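# Working through the structure, step by step
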Amino acid sequence: TLVTKTMNTALRLLRSMVTQIKEVDTAMTNLRKVTEATGNQLNTFLESAGKRSVDLGASLTDYIDAVSEFSRLGKALDEAQKLGELATTYKTVAEDLDIKTASKSIISTMQAFSGVGVQAEEIVDKFNYVGKMLPLITISVTVQRWMRPS
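Not measured: the values here are computed from a predicted model.

## Remarks on the pattern of salt bridges
- If you walk through the whole model with that rule in mind, you get seven salt bridges.
- With its nearest N and O atoms 3.4 Å apart, the salt bridge here joins Lys-100 to Glu-69. Taken together, the residues Lys-100 in helix 5 (residues 99-112) and Glu-69 in helix 3 (residues 60-71) connect sequence positions 31 residues apart.
- Judged by relative accessible area, Glu-69 falls into the buried class, the value being 7%.
- Between Lys-75 and Glu-79 there is a salt bridge, with the nearest N and O atoms lying 3.7 Å from each other.
- Residue Glu-79 is classed as partly exposed on the basis of its relative accessible area of 38%.

## Examining the nonpolar core
- Leu-31, Phe-45, Phe-70 and Ile-106 are the most contacted members of the largest nonpolar core, which totals 29 residues.
- Listed by contribution, the elements that provide at least two residues to this core are helix 1 (2-34), helix 2 (39-56), helix 3, helix 4 (77-93), helix 5 and helix 6 (120-147).
- Of the residues forming this core, the biggest block, six residues, is contributed by helix 4.
- Each residue touching Ile-106, except ones within four places of it in the same chain, is listed here: Phe-70, Leu-86, Ala-87, Tyr-90, Ala-120, Ile-123, Val-124 and Phe-127.

## Some points on the packing of helix 1 against helix 2
- It is the contact of helix 1 with helix 2, at a shortest axis distance of 12 Å, that shows an interaxial angle of 140°. Classified by the interaxial angle, the pair formed by helix 1 and helix 2 is oblique. Crossing handedness for the pair helix 1 and helix 2: right-handed. Packed against helix 1, whose contacting residues are Val-24, Met-28, Leu-31 and Arg-32, the element helix 2 presents Leu-42, Phe-45 and Leu-46 at the interface.

Rules and cut-offs
- Residues numbered from 1 in each chain as written.
- Predicted model: local features only at pLDDT ≥ 70, side-chain atom pairs only at ≥ 80, totals over all residues.
- Heavy atoms only, no water.
- Salt bridge = Lys/Arg side-chain N within 4 Å of Asp/Glu carboxyl O.
- Helix = DSSP H or I, 4+ residues; strand = E, 2+ residues; numbered from the N terminus.
- Buried < 20%, exposed > 50% of the residue type's maximum accessible area, 1.4 Å probe, protein only.
- Core = buried A, V, L, I, M, F, W, Y, C linked by side-chain atoms within 4.5 Å.
- Contact = heavy atoms within 4.5 Å.
- Axes fitted to C-alpha atoms, helices over the stretch in contact; angles between N-to-C directions.
- Parallel < 35°, antiparallel > 145°, perpendicular 65-115°, else oblique.
- Left-handed = near helix turned anticlockwise from the far one by under 90°.

So yeah, pure geometry; function would need other evidence.
Pasting the structure below:
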């Protein structure tokens with residue numbers, strides 16, 4: 001009946017909300033462990049993180065996790081936020097990529113090019129460029145092989 005469906009939908013939504021709240025709490029706990037930010041700074045961060053994650057087209061948990069990955073490197077909260085935004089954008093643009101993999105890709109590339117002065121924004125731009133070009137290159141090579149006389 002309609003009443004039963006409505007009750008089941010309400011219960012499912014309530015369970016989903018509880019799950020999401022637990023995930024955000026876990027993500028914030030992890031961030032608290034790896035940053036030197038004060039409680040007030042973390043509260044301010046959380047208040048702005050909700051809007052920022054929506055702007056980036058990502059979940060709040062993913063955004064907080066990305067910031068945690070960069071905070072783990074010893075980055076201050078404001079710099080970790082900027083890098084977390086880049087990782088979140090990269091994850092959103094790239095297909096089949098989770099936030100931890102996106103963050104670690106940026107981190108390892110930053111570390112590899114640390115003496116060269118390559119900025120994180122440049123890294124993400126190059127990742128995106130290669131991601132767009134790779135299918136075209138693959139198609140081009142395949143067509144060239146196909147067109148080659150036997």
